[in-house]
Amino acid sequence: MSGSESVPARLDTSRPHPARVYDWWLGGKDNYPVDEELARRILAVDGTVLRGARANRRFMHRAVRTAAEAGIRQFLDIGTGIPTEPNLHQVAQGVAPESKVVYADNDPIVLRHAEALLHGTAEGGTDYAHADVRDIDALLGRAGESLDLTEPVALSLVALTHYLGDDPAGDDVYGLLQRYVAALAPGSYLILSQVTPDLSPEAIEKAAGQFRRSGTPFFPRSLAEFSRFFDGLELLGPGVIPVYGWRPEPEDVAAQAEGIVPVYAGVARKP
């Protein structure tokens, strides 16, 4: 595993972690009482979260398939989360078995599941980097042990940016994204989804309050704020749009009838 063993994997079960909260919403078992408690509190004030978790996963599948069908053979998934089926490498290698995938996450429980993440095709490759999205140099350094960053890469940060602030003195999510995009070769893809207050403002404000009271920063963003992540890139059709509407398949059309999902999604290409 690329650089994973050099990082102490201290599992903190006293505070919820977004990857484990998300795992509970998806029906997984790799979470702790503190994660379930927060997941249930948020579900009580925002009934869209289960649909949103599932919609994000399906968007990732469609976006990765789109990039692979366009010829991308390298994928970097930051904020991987706990493995679910099918995972990103299974989608990419299902289109092109020679695809190489690097997963990155900062939750030690994801590190414990790295072996499950690494079962790819014989022709391709999968690797895992235990790293934080904020530590760009370390993360890209580890990714570069498996990927050729002089060639196009599809960079996926699905349901991650709403955990990062935009204070230049703090997380500076816009600066982070600009640095990642700058490190990518021309022809690379950026795959993003983000919770928005635009479509369900009261519920999202209550959910954000629950996250923040638990010690997890949470930053829903408007359409204009989310679209800013793609500045200087070529948006793929249909552009920035609610997650169900991004190149939907029949399952997504059917799921849309269940109700709104306050999440925007988009995919763009670096010229």
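The notes below deal with the structure included here. Because the structure is a prediction, the values reported are computed rather than measured.

Moving on, we come to the overall build of the protein chain. Counting secondary structure elements, the protein chain contains 11 helices and eight strands. Relative to the 2.2 N^0.38 estimate, which gives 18 Å for 271 residues, the radius of gyration of the protein chain is 17 Å and therefore close to what a compact globule would have. In the protein chain, which comprises 271 residues, the share counted as buried stands at 54%. When contacts within the protein chain are restricted to residue pairs at least 6 apart in sequence, those whose partners lie at least 24 apart make up 75%. For the protein chain, the exposed surface amounts to about 11,200 Å²; the carbon and sulfur share of it is 52%. In the protein chain, the 26 positive side-chain charges and the 37 negative ones have mean positions that sit 4 Å from each other.

Before going further, it helps to spend a moment on the side chain of Asp 127. With respect to the helices and strands, Asp 127 occurs in strand 3 (residues 125-130). The buried charged residue Asp 127 lacks any salt bridge partner; its closest oppositely charged side chain belongs to Arg 142, at an N-O distance of 9.9 Å.

Once that is clear, we can look at the environment of Asp 77. Positionally, Asp 77 belongs in strand 1 (residues 74-78). Put simply, Asp 77 and Gly 47 are 30 residues apart on the chain and 27 Å apart in space, counted from C-alpha to C-alpha. Each residue touching Asp 77, except ones within four places of it in the same chain, is listed here: Leu 88, Val 102, Tyr 103, Ala 104 and Ser 156.

Let us look at the layout of surface pockets. Of the pockets and cavities examined, the largest pocket occupies roughly 970 Å³. For the lining of the largest pocket, the elements supplying multiple residues, two or more each, are helix 1 (18-25), helix 3 (49-69), strand 1, strand 2 (100-105), helix 7 (136-143) and strand 4 (154-158). Broken down by element, the residue count for the lining of the largest pocket peaks at five residues, all from helix 1. In this structure, the second largest pocket encloses a volume near 150 Å³. Along the lines of polarity and charge, the residues of the lining of the second largest pocket split into five nonpolar, one polar and two charged.

On to helix 2 (residues 33-45). The end-to-end C-alpha separation of helix 2 is 19 Å, in line with the 18 Å expected for 13 residues at 1.5 Å each. What helix 2 keeps buried is the set Val 34, Asp 35, Leu 38, Ala 39 and Ile 42. Down the axis of helix 2, the sector holding all buried residues measures 135°, keeping them to one side. In helix 2, the exposed residues that point more than 90 degrees away from the buried face are Pro 33 and Ala 44. Buried positions along helix 2 lie against helix 1, helix 3 and helix 9 (201-213).

By the criterion of burial, strand 2 is predominantly enclosed, with five of the six residues buried. In this structure, strand 1 lies alongside strand 2, joined through five bridges in parallel fashion. In the sheet register, Asp 77 faces strand 2, and the bridge partner there is Tyr 103. For the handedness criterion, the β-α-β arrangement of strand 1, helix 4 (residues 88-95) and strand 2 is classed as right-handed. Relative to strand 3, strand 2 runs parallel, the two being bridged by six bridges. Across the sheet, Val 102 pairs through a bridge with Asp 127, a residue of strand 3.

Another aspect to go through is the pattern of salt bridges. It is possible for side chains of opposite charge to pair when their charged atoms get near one another. All chains considered together, the criterion is met by 15 salt bridges. Between Glu 98 and Arg 73 there is a salt bridge whose closest N-O contact spans 3.1 Å. In this pair, Glu 98 is assigned in the loop between helix 4 and strand 2 and Arg 73 in the loop between helix 3 and strand 1, connecting sequence segments 25 residues apart. One salt bridge connects Glu 205 with Arg 212, and the closest N-O pair in it is separated by 3.9 Å. Members of the salt-bridge network, linked through shared partners, are Arg 58, Arg 62, Glu 251 and Asp 252.

What counts and what doesn't
- Residues numbered from 1 in each chain as written.
- Predicted model: local features only at pLDDT ≥ 70, side-chain atom pairs only at ≥ 80, totals over all residues.
- Heavy atoms only, no water.
- Helix = DSSP H or I, 4+ residues; strand = E, 2+ residues; numbered from the N terminus.
- Rg over C-alpha atoms; globule rule 2.2 N^0.38 Å.
- Buried < 20%, exposed > 50% of the residue type's maximum accessible area, 1.4 Å probe, protein only.
- Contact = heavy atoms within 4.5 Å.
- Areas by Shrake-Rupley, 256 points an atom, 1.4 Å probe, with all protein chains shown as cover.
- Lys, Arg positive; Asp, Glu negative; His and termini not counted.
- Charge placed at Lys NZ, Arg CZ, Asp CG, Glu CD.
- Salt bridge = Lys/Arg side-chain N within 4 Å of Asp/Glu carboxyl O.
- 1 Å grid on protein atoms, 1.4 Å probe; cavity = no way out; pocket = protein on both sides within 12 Å on 5 of 7 lines; lining within 4 Å.
- Points joined across faces, edges and corners; volume = space filled by probe spheres on them.
- Nonpolar A, V, L, I, M, F, W, Y, C, P; charged D, E, K, R; others polar.
- Expected span 1.5 Å × (residues − 1).
- Arc of directions from axis to C-beta.
- Pairing = 2+ DSSP bridges.
- Right-handed = clockwise from strand over helix to strand, strands pointing away.

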